[in-house]
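# Fold and contact review
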Amino acid sequence: EAGVVQSPRYKIIEKKQPVAFWCNPISGHNTLYWYRQNLGQGPELLIRYENEEAVDDSQLPKDRFSAERLKGVDSTLKIQPAELGDSAVYLCASSLDGGTGGVQTQYFGPGTRLLVL
Amino acid sequence: GEDVEQSLFLSVREGDSSVINCTYTDSSSTYLYWYKQEPGAGLQLLTYIFSNMDMKQDQRLTVLLNKKDKHLSLRIADTQTGDSAIYFCAESFGGNQGGKLIFGQGTELSVKP
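Residues numbered from 1 in each chain as written. Chains lettered and ligands numbered in written order. Predicted model: local features only at pLDDT ≥ 70, side-chain atom pairs only at ≥ 80, totals over all residues. Heavy atoms only, no water.

Another point: the interface of chain B and chain A. With 23 residues of chain B in contact, the opposing surface of chain A contributes 23 residues. For the pairing of chain B and chain A, the buried interface totals around 1,600 Å² over both sides, and the portion due to carbon and sulfur atoms is 54%. The interface formed by chain B and chain A includes zero salt bridges. At the junction of chain B and chain A, the tally comes to three residue pairs in polar contact (both at pLDDT 80 or more). Broken down by secondary-structure element, the contributors of at least two residues to the side of chain B that touches chain A are strand 4 (31-37), strand 5 (43-50), strand 9 (85-92) and strand 10 (101-103) of chain B. With four residues, the single largest contributor to the side of chain B that touches chain A is strand 4 of chain B. Of the residues that constitute the side of chain B that touches chain A, the class distribution is eleven nonpolar, eleven polar and one charged. (Contact = heavy atoms within 4.5 Å. Buried area = accessible area lost by both parts, 1.4 Å probe. Salt bridge = Lys/Arg side-chain N within 4 Å of Asp/Glu carboxyl O. Polar contact = N/O pair within 3.5 Å; in protein donor to acceptor, adjacent residues only side chain to side chain. Helix = DSSP H or I, 4+ residues; strand = E, 2+ residues; numbered from the N terminus. Nonpolar A, V, L, I, M, F, W, Y, C, P; charged D, E, K, R; others polar.)

Residues and elements named next belong to chain A. Each neighbour pair has its own omega, and for Ser7 with Pro8 the value is -10°, a cis peptide bond. As for its position among the elements, Pro8 is in the loop between strand 1 (5-7) and strand 2 (10-13). With an omega of -5°, the peptide bond between Gln80 and Pro81 qualifies as cis. Relative to the helices and strands, Pro81 is located in the loop between strand 8 (75-79) and strand 9 (88-95). For Lys16, which is not glycine, the phi torsion reads 80° and is therefore positive.

Turning our eyes to something else, we now look at the pattern of salt bridges. All names here are of chain A. Tallied over the entire structure, the rule returns seven salt bridges over all chains. The partner of Lys62 in a salt bridge is Asp57, with the nearest N and O atoms 3.8 Å apart. A salt bridge links Arg64 to Asp86, with the shortest nitrogen-to-oxygen separation between them at 2.6 Å. One end of the pair, Arg64, is in the loop between strand 6 (53-56) and strand 7 (65-68); the other, Asp86, is in the loop between strand 8 and strand 9, and 22 residues separate them in sequence. Each of the two residues, Arg64 as well as Asp86, counts as buried. (Buried < 20%, exposed > 50% of the residue type's maximum accessible area, 1.4 Å probe, protein only.)

Following this line, the structure appears as structure tokens:
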């Protein structure tokens, strides 16, 4: 079974440019998460989807970040315009069921490493 | 608020036991987890423990939870060079925070032959 797929794996852009990351979750997983992992830190949740609905986007900087999950499968995370401080690894994860308070078995993709110059 | 703290580095010899420690502030967590991250890879769930338990053993891994002290540890028996990685503890919550994982900053384990 394929795991969580992310692309691109690496991206280098200049500040003020736009950038987009793509995620394909494990087949059948209803819940999708985007995390940001700064160097030397643990992942921090940006947004969580249940099917097509964003149920927790409280940590998403909405002035420059946007996300969508059309048809409840693939998802795209966009930054426009990018700033130097956005350099980080952007991780996508998925799980069968995300919100019942039970055990959270989240499966992570390899991430997209973004460098903003 | 929620905060999870870990020591940053641990170095052991191959064959020794490793103990990675974690403290957390929010006692309302329902589950606590240990994830492993190898270079250039995503996080892999190693094990988890329900907050009402105090110990869980899974092959070479032993998780100890001291809820009174809000302290979680992961013991890896017979540590191998392939165990070299960054280990993250995390906690999750019930209610309207279901689905949210709060991670520590990670402990880098280095295993020397």
